[in-house]
Amino acid sequence: QVQLVESGGGSVQAGDSLRLSCTVPGGGLSINTMGWYRQAPGKQRETVAKINSAGGTFYGDSVKGRFTISRDDQTVYLEMNNLKPEDTAVYYCNVITVIFQNYWGSGTQVTVSS
């Protein structure tokens, strides 16, 4: 079982920026889609952003224009700008391989105070 390694979470003020990263330890996966999801207390997990092997991207409506997803081989990044208190959540990395294996990270906390 592959456990993705996330980093970059933290506590910031509204308007600040953070950059999350997520890496496949040891590499070697044939990856189709990499993405970020988040879950706030009492809410369902939601899609933040996804990027496929061709570079095509999808963003949740609440983060469009503020967040940017990118990838580099076995690593995916999430650049988060103009953070808002409603962005506070645990952010999870997800990887789907070309044979539909589905892997998750353990989550990294992002807290934005007003």
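Data block above holds the structure.
Here is what the cut-offs are and how they apply
- Residues numbered from 1 in each chain as written.
- Predicted model: local features only at pLDDT ≥ 70, side-chain atom pairs only at ≥ 80, totals over all residues.
- Heavy atoms only, no water.
- Helix = DSSP H or I, 4+ residues; strand = E, 2+ residues; numbered from the N terminus.
- Polar contact = N/O pair within 3.5 Å; in protein donor to acceptor, adjacent residues only side chain to side chain.
- Contact = heavy atoms within 4.5 Å.
- Buried < 20%, exposed > 50% of the residue type's maximum accessible area, 1.4 Å probe, protein only.
- Phe/Tyr/Trp six-rings, centres within 6.5 Å; stacked < 30°, edge-to-face > 60°.
- Lys NZ or Arg CZ within 6 Å of the ring centre and 35° of its normal.
- Pairing = 2+ DSSP bridges.
- Core = buried A, V, L, I, M, F, W, Y, C linked by side-chain atoms within 4.5 Å.

Colleague: Please explain the side chain of Arg66 as it appears in this structure.
Modeller: Among the secondary structure elements, Arg66 is positioned in the loop between β6 (57-59) and β7 (67-72). At 2.8 Å, the side chain of Arg66 and the backbone oxygen of Ser62 are in polar contact. Leaving out residues up to four positions away in the same chain, Arg66 has contacts with Glu79, Met80, Asn81, Asn82, Leu83, Lys84 and Asp87.

Colleague: I keep staring at the environment of Trp36 and nothing clicks. Help me out?
Modeller: With respect to the helices and strands, Trp36 occurs in strand β4 (residues 31-39). For Trp36, a relative accessible area of 0% gives the class buried. The sequence separation of Trp36 and Val76 amounts to 40 residues, and the corresponding C-alpha distance is 8.7 Å.

Colleague: Is there a simple way to explain the packing of aromatic side chains in this structure?
Modeller: Both the distance between ring centres and the angle between the ring planes are used here to describe each pair of aromatic rings. In the structure shown here, the tally under the stated rule is one aromatic pair. Against the face of Tyr77 rests Arg19, its NZ or CZ located 4.2 Å from the ring centre. Positioned above the aromatic ring of Phe58 is the side chain of Lys50, whose terminal nitrogen or guanidinium carbon lies 5.4 Å from the ring centre.

Colleague: What's the story with the pairing of β7 in this structure? I'm lost.
Modeller: Regular strands place their side chains on alternate faces of the sheet. Looking at chain direction, β7 and strand β8 (residues 75-80) are connected through six bridges and run antiparallel. Residue pairing for β8: Phe67 is matched across the bridge by Met80. Following β7, the chain reverses through two residues before pairing antiparallel with β8; Asp73 in that reversal takes a positive phi of roughly 55°.

Colleague: Teacher, can you tell me more about the nonpolar core here?
Modeller: The nonpolar side chains of a soluble globular protein tend to be buried with one another. Of all hydrophobic cores here, the largest spans 30 residues; its most connected members are Trp36, Leu78, Met80 and Tyr91. Where this core is concerned, the elements lending two or more residues are β3 (18-23), β4, β5 (46-51), β7, β8, β9 (89-97) and β11 (108-113). The dominant element in this core, judged by the number of residues it contributes, is β9, at four residues. Excluding residues within four positions of it along the chain, Met80 makes contact with Asp16, Ser17, Leu18, Leu20, Arg66, Phe67, Tyr91 and Val110.

These figures capture arrangement, not role.
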